[in-house]
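Working through the structure, step by step
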Amino acid sequence: MVYTTDKVLELLVSMSEEKFRAFSAGLMGKEVKMLGVRLPKLRKLSKQIAKEDSFLYLDETEIIAGQSYMEEIMLYGMVISQIKTNIEVLFPYIDKYVAQIDNWSTCDSFCSGLKQTKQQMGEMWDYLQSYLCSNKEYHIRFAVVMFINYYISEEYIDKLLKTFDEIHHEGYYVKMAVAWALSICLVKYWDKTIAYMESEDNHLDDFTYIKALQKGRESLCLTAEQKQYLKELKGKRK
């Protein structure tokens with residue numbers, strides 16, 4: 001089968017569920033053009049496309065935020081995640097996808113699927129730096145959520161804390177991503193992360209700082225003593 005744009009849309013429409021569309025739309029926080037196709041069905045279709053003509057599909061398919069259905073865009077990202085190749089070959093397609101991200105769901109689901117990153121951590125790290133320099137909210141969120149998925153490790157923790165400290169963007173979804181990342185760093189690398197949070201030299205804005213402490217306190221992985229200390233830090237920042 002040739003997976004043209006029209007054919008793919010026909011398949012997606014056949015998989016759609018109105019009740020699921022209405023439910024999902026309510027979670028988005030903004031109006032999004034969507035059909036209501038469940039993720040397992042999208043993943044199954046992405047595997048079929050990747051198996052038959054992945055690069056033809058990626059080259060020929062146009063995705064445009066606000067015009068394409070959200071499922072069309074997400075499917076494009078899922079096909080990218082199915083391809084096992086040198087990750088640098090995928091960078092132009094990743095760029096094409098990220099350019100169309102306009103909500104947290106198409107961002108975060110794409111990041112979690114890019115497991116090729118694990119085989120080429122250095123190359124992906126370098127690639128993500130350009131997104132940190134962007135002034136676009138979802139470009140930066142893409143980089144931060146990639147860090148959350150793959151880079152909170154002994155090797156990268158110091159670089160990450162420095163990186164998060166240098167992110168200054170007023171976008172809500174950037175701030176929330178950085179707070180989320182720091183809360184996980186608190187769980188995995190308490191000593192280093194709490195030292196950073198305690199420092200008067202950290203440059204986090206108040207919203208991000210307090211949200212990071214709040215998310216840390218909501219974690220099931222920190223002790224009661226650690227959570228109490230985060231509460232005390234929050235009180236000092238008010």
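As a reminder, the structure under discussion sits directly above these lines.
Per chain, residues are indexed from 1 in the order of the written sequence. Local features are withheld for residues below a pLDDT of 70 in this predicted model, meaning they are given only at 70 or higher, and side-chain atom pairs are given and counted only at 80 or more; totals for whole chains, interfaces and linings count all residues. Based on all heavy atoms of the structure, the side-chain values leave hydrogens and waters out of the count.

Further remarks concern the pattern of salt bridges. One speaks of a salt bridge when a side-chain nitrogen belonging to Lys or Arg is within 4 Å of a carboxyl oxygen belonging to Asp or Glu. Under the counting rule described, the total for this entry stands at 10 salt bridges. The residue Lys7 makes a salt bridge to Glu10 at a minimum N-O spacing of 3.6 Å. With a gap of 3 residues between them, Lys7 and Glu10 both fall in helix H1 (residues 5–15), about one helical turn apart. Between Lys175 and Glu170 there is a salt bridge, and its shortest N-O distance comes to 3.7 Å. Taken together, the shared-partner salt bridges in this structure form one network comprising Glu17, Arg38 and Lys41. Segments assigned H or I by DSSP are reported as helices when at least four residues long, segments assigned E as strands when at least two residues long, and all are numbered from the N terminus.

Turning next to the packing of helix H12 (residues 206–218) against helix H13 (residues 224–237). Look at H12 against H13: their axes get within 9 Å of each other, and the N-to-C directions meet at 160°. Considering their axes alone, H12 and H13 lie roughly antiparallel with respect to each other. As for how H12 packs across H13, the hand of that crossing is left-handed. In this structure, H12 uses Asp206, Tyr209, Ile210, Leu213, Gly216 and Arg217 to contact H13, whose residues at the interface are Lys227, Leu230, Lys231, Leu233, Lys234 and Arg237. Residues belonging to the contact of H12 with H13 are distributed by class as follows: 5 nonpolar, 1 polar and 6 charged. Axis definition: a line fitted to C-alpha atoms, limited for helices to the stretch in contact. Angles are taken between N-to-C directions and run from 0 to 180 degrees. When an angle is under 35 degrees it counts as roughly parallel; over 145 it counts as roughly antiparallel; between 65 and 115 it counts as roughly perpendicular; any other value is oblique. Should the near helix be turned anticlockwise from the far one by less than a right angle, the crossing is termed left-handed; should it be turned clockwise, right-handed. Between two residues, a contact is recorded if the distance between any of their heavy atoms is within 4.5 Å. Basically, the charged four are Asp, Glu, Lys and Arg, the nonpolar ten are Ala, Val, Leu, Ile, Met, Phe, Trp, Tyr, Cys and Pro, and anything else, Gly included, counts as polar.

In summary, the pairing rule links any two rings of Phe, Tyr or Trp, Trp by its six-membered ring, whose centres are within 6.5 Å, and it sorts them by plane angle into stacked for under 30 degrees, edge-to-face for over 60 and tilted for everything else. One pass over the full model with this rule turns up 16 aromatic pairs. The interplanar angle of 80° and the centroid separation of 5.2 Å between the aromatic rings of Tyr131 and Phe142 together place this pair among those described as edge-to-face. Pair noted here: Tyr131 is in helix H7 (residues 121–132) and Phe142 is in helix H8 (residues 137–150), with a separation of 11 residues, a long-range link. In this structure, Tyr131 and Phe142 share a single accessibility class: buried. Seen in terms of ring centroids, Tyr151 and Tyr156 are 4.8 Å apart; in terms of plane orientation they differ by 85°. Their pairing is edge-to-face. Taken as a pair, Tyr151 and Tyr156 share a single burial class, namely buried. Connected via pairs of aromatic rings, a cluster forms that spans Phe91, Tyr97, Phe110, Tyr127, Tyr131 and Phe142. A ring has a charge above it when a Lys NZ or an Arg CZ is no more than 6 Å from the ring centre and no more than 35 degrees off the ring normal. The ring centre of Trp125 lies 5.8 Å from the NZ or CZ of Lys159, which sits over that ring. Per-residue accessibility, obtained with a 1.4 Å probe over protein chains only, is compared with the maximum for each type, and a residue is labelled buried under 20%, exposed over 50%, and partly exposed between these values.

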